[in-house]
Amino acid sequence: MRSIKLILFCLLLSVPSYAKKKPNIVLIICDDAGYADFGFQGSTEMKTPHLDKVAREGARFTEGYVTSSVCAPSRAGIMTGRYQQRFGYEHINVVGFMSENSALDGDAMGLPIEEVTVADHLKKQGYATGYFGKWHLGDGDQFHPTKRGFDEFIGFRDGSRSYFAYPEKALKNNPSLHRKRLEWGFDNYKEPDYYLTDLLGDEAAKFIEKHQKEPFFQVVGFNAVHTPLEFLPQDTAQFPDLIGKRKVLAGMTLALDRACGTIFNKLEELGLSNNTIIAFVSDNGGPTDKNASSNLPLSGTKSNQLEGGIRIPFIMRWPASIPANTTYTSAVSTMDFASTFMKAAGIDIKKHPELEGVDLIPYLNTNHSMPSHDPHDELYWKKSCRATFREGDWKLLRFPDRPAQLYNIKDDISETNDLASQYPDKVKRMYKKIWEWEQQMPQPKWLLRREFEVNDINRMDKYHLK
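Residues numbered from 1 in each chain as written. Predicted model: local features only at pLDDT ≥ 70, side-chain atom pairs only at ≥ 80, totals over all residues. Heavy atoms only, no water.

### What about the pattern of salt bridges?
1) Next: According to the stated counting rule, one finds 43 salt bridges in the structure shown.
2) Next: The partner of Asp 31 in a salt bridge is Arg 75, with the nearest N and O atoms 3.8 Å apart. On the criterion of sequence distance, the pair formed by Asp 31 in the loop between strand E1 (24-30) and helix H3 (49-57) and Arg 75 in helix H4 (residues 71-80) is long-range, its members being 44 residues apart. Judged on exposure class, the residue Asp 31 and its partner Arg 75 are both buried.
3) Next: Asp 151 is paired through a salt bridge with Lys 123; the nearest N and O atoms lie 3.0 Å apart. Here Asp 151, found in the loop between strand E4 (128-134) and strand E5 (152-156), pairs with Lys 123, found in helix H5 (residues 118-124); they are 28 residues apart in sequence, far enough to count as distant.
4) Next: Assessed through its relative accessible area of 39%, Lys 123 is described here as partly exposed.
5) Next: Put simply, Asp 31, Arg 75, Lys 134 and Asp 283 are held in one network by salt bridges that share partners. (Salt bridge = Lys/Arg side-chain N within 4 Å of Asp/Glu carboxyl O. Helix = DSSP H or I, 4+ residues; strand = E, 2+ residues; numbered from the N terminus. Buried < 20%, exposed > 50% of the residue type's maximum accessible area, 1.4 Å probe, protein only.)

Laid out in structure tokens, this is it:
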């Protein structure tokens, strides 16, 4: 009997630390942040001490990617752990922006109800689930967060809103503001009493305190630093050397970091930090022309598939399983969150072949044998005629108005040296790979007006470094 107990004890010790107890999970998604606009990304202008600390205590991913260069499709990829094109979520869903030929519009656009979210999976594992902030995965009641795996919701359904309360008169006279109203639960509306970024941090912290005795999963979808550029004067006062939009952005980023700090401090106060996964990303690259964000040294911005549109700030901390001061340099994707979180929660992800992301922990946990291959040999992006394929260090971009371009991202992070003419066979082969991938995808469920595709091309040209 003693030998059996000894064997069982040894087996328990051999189990990876992250498998012994279900971790809490906090996923923070900020909005429209620039690649270079955080201290942990090297910024000397922005003040982000709380996020910098999390980055130091965990892993920073230098090549972290979203699945789309605009927010709603990107979030659909995060929530499902797969390419959103697989279920027709190729275009952003903004009421009033859709083509007259769009198959769907208005409240019919959203994350298809047959798609299973990571919250659905974790809820079945006994997790308390909460969503705070910007949803943007469907304005219709059928797409509401409380019907997509989340027990609790404080946020707004639309893609943007004011950081302050809308006046009652404005709400009465402008029906389009309804989808921007702050919602507490389902169909219960009350405008914020104070700056929304701080409110969302406070409410997320309250959720943690409420559920501290059980495993919890929360998504905090800050609308910061998306337009409108609204700020607290005491925040912008911290940046006397900056002017204009850049000064406002710095103040809004400071508020974002402060709200994240509210969440992190609550975890620390309750003794939950060691076994809580924290992940922080932006939903796409920064729109430099809108909010003065910086994606340097990357070319491009939000809405295009240059690195500045799809490579984003990406950090993760889990003291129980991720060594501090880790810098991971291979390409990873926000699709990977679903697989990572589900595996950590004890779900056998091999039984979910629909997932296209991977569990990132084995690539970071040096206490165990690490995979011999990178998380992703191939990554794809697509919107209308534009498509991009990354294979290893090579990246091919397909356009509707010019020949394809080829870059070696390892040698040319700014995408200034087009190598397509030097490697015609590689271009041809990678072009065909895009087409083969594209054939697997259904047509988009809704379509933007053509003018927005033109705008995206023009923005790309404006911010393609030379």
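### Examining the sheet that holds strand E14 (residues 394-398)
1) Next: Spatial strand order, E12-E13-E14-E15: four strands in an open sheet with antiparallel pairing. Since the sheet does not close on itself, it has two edges, and those belong to strand E12 (378-383) and strand E15 (405-408), each with one partner. Neighbour-to-neighbour, the strand axes of the sheet open up by a mean angle of 10 degrees, direction not taken into account.
2) Next: Against the sheet, helix H14 (residues 424-438) touches E12, strand E13 (386-391), E14 and E15, its axis set at about 65 degrees to E14. (Pairing = 2+ DSSP bridges. Axes fitted to C-alpha atoms, helices over the stretch in contact; angles between N-to-C directions. Contact = heavy atoms within 4.5 Å.)

### Quick look at the side chain of Lys 302
1) Next: Among the secondary structure elements, Lys 302 is positioned in the loop between helix H10 (288-291) and helix H11 (307-310).
2) Next: Given a relative accessible area of 11%, Lys 302 falls into the buried group.
3) Next: A polar side-chain atom of Lys 302 sits 3.1 Å from a polar atom in the side chain of Asp 32.
4) Next: Beyond its immediate sequence surroundings of up to four residues, Lys 302 is in contact with Asp 32, Ser 69, Val 70, His 226, Asn 284, Gly 285, Gly 286, Pro 287, Gly 308, Gly 309 and Arg 459. (Polar contact = N/O pair within 3.5 Å; in protein donor to acceptor, adjacent residues only side chain to side chain.)

### A short note on empty space enclosed by the protein
1) Next: Inspection of every chain in the model, using the stated rule, returns two cavities of 30 Å³ or more.
2) Next: As for the largest cavity, its lining consists of Thr 67, Ser 68, Ser 69, Gln 84, Gln 85, Ser 303, Gln 305, Ile 310, Trp 381, Lys 382, Lys 383 and Arg 386.
3) Next: Sorting elements by how many residues they give to the lining of the largest cavity places E12 first, with three residues.
4) Next: Here the residues of the lining of the largest cavity are counted per class, giving two nonpolar, seven polar and three charged.
5) Next: In this structure, the second largest cavity encloses a volume near 30 Å³.
6) Next: As for the second largest cavity, its lining consists of Gln 305, Arg 386, Ala 387, Thr 388, Leu 397, Arg 398, Phe 399 and Met 460.
7) Next: Among the elements that make up the lining of the second largest cavity, the one with the highest residue count is E13 (three residues). (1 Å grid on protein atoms, 1.4 Å probe; cavity = no way out; pocket = protein on both sides within 12 Å on 5 of 7 lines; lining within 4 Å. Points joined across faces, edges and corners; volume = space filled by probe spheres on them. Nonpolar A, V, L, I, M, F, W, Y, C, P; charged D, E, K, R; others polar.)

### What about the layout of surface pockets?
Any empty space left between atoms is shown by rolling a water-sized probe over those atoms.
1) Next: Computed from the structure, the largest pocket encloses a volume of approximately 690 Å³.
2) Next: Examining the composition of the lining of the largest pocket, we find that four residues originate from one element, helix H15 (residues 450-462), more than from any other.
3) Next: Class assignment for the residues of the lining of the largest pocket results in nine nonpolar, seven polar and nine charged.

### Looking at the packing of H3 against helix H9 (residues 244-269)
1) Next: Here H3 crosses H9 at 55 degrees, and the two axes come no closer than 7 Å. Relative to H9, H3 is oriented oblique. Together, Pro 49, His 50, Leu 51 and Val 54 of H3 and Asp 257, Arg 258, Cys 260, Gly 261, Phe 264 and Asn 265 of H9 make up the contact between the two elements.
2) Next: Taken together, the residues that form the contact of H3 with H9 break down as five nonpolar, three polar and two charged. (Parallel < 35°, antiparallel > 145°, perpendicular 65-115°, else oblique.)

### Some remarks on the packing of aromatic side chains
1) Next: Tallied over the entire structure, the rule returns 26 aromatic pairs.
2) Next: Measuring from ring centre to ring centre gives 5.5 Å for Tyr 163 and Tyr 195, while their planes differ by 20 degrees; the resulting arrangement is stacked. Remark: Tyr 195 occurs in the loop between strand E6 (183-184) and helix H7 (196-210) and Tyr 163 occurs in the loop between E5 and helix H6 (168-173); sequence separation between them is 32 residues. This pair shows no difference in class: Tyr 163 is buried, exactly as Tyr 195 is.
3) Next: Ring centres of Tyr 380 and Trp 437 lie 4.8 Å apart, and the angle between their planes is 0 degrees; this geometry places the pair in the stacked category. (Phe/Tyr/Trp six-rings, centres within 6.5 Å; stacked < 30°, edge-to-face > 60°.)

### Describing the environment of Leu 364
1) Next: Relative to the elements of secondary structure, Leu 364 occurs in helix H13 (residues 361-364).
2) Next: Given the relative accessible area of 2%, Leu 364 is considered buried.
3) Next: The spatial distance from the C-alpha of Leu 364 to the C-alpha of Arg 181 is 40 Å, given a sequence separation of 183 residues.

### A closer look at the nonpolar core
Considering soluble globular proteins, one finds that nonpolar side chains tend to be buried as a cluster.
1) Next: Formed by 83 residues in total, the largest nonpolar core has its most connected members in Leu 27, Phe 61, Leu 122, Phe 217, Met 316, Phe 337 and Phe 341.
2) Next: Sequence-distant contacts of Met 316, that is, excluding residues within four places in its chain, are made with Gly 58, Ala 59, Phe 61, Ile 277, Ile 278, Ala 279, Ile 322, Phe 337, Leu 360 and Ile 361.
3) Next: Core analysis: the second largest hydrophobic core is formed by 47 residues, Ala 33, Leu 196, Ala 204 and Ala 255 among them. (Core = buried A, V, L, I, M, F, W, Y, C linked by side-chain atoms within 4.5 Å.)

### A word on H15
1) Next: With 13 residues, H15 extends 19 Å from end C-alpha to end C-alpha; this agrees with the ideal 18 Å at 1.5 Å per step.
2) Next: Where the residues of H15 are buried, they touch H10, E12 and E13. (Expected span 1.5 Å × (residues − 1).)

### Some points on the packing of H7 against H9
1) Next: Where H7 meets H9, the closest approach of the two axes is 8 Å, and the angle between their N-to-C directions is 10 degrees. The orientation of H7 with respect to H9, classified from their angle, is roughly parallel. Across the interface between the two elements, Thr 197, Asp 198, Gly 201, Asp 202, Ala 204, Ala 205, Ile 208 and Glu 209 of H7 pack against Ala 255, Leu 256, Arg 258, Ala 259, Thr 262, Ile 263, Lys 266 and Leu 267 of H9.
2) Next: Tallied by class, residues from the contact of H7 with H9 come to eight nonpolar, three polar and five charged.

Geometric descriptors of this kind do not, in isolation, establish any biological role.
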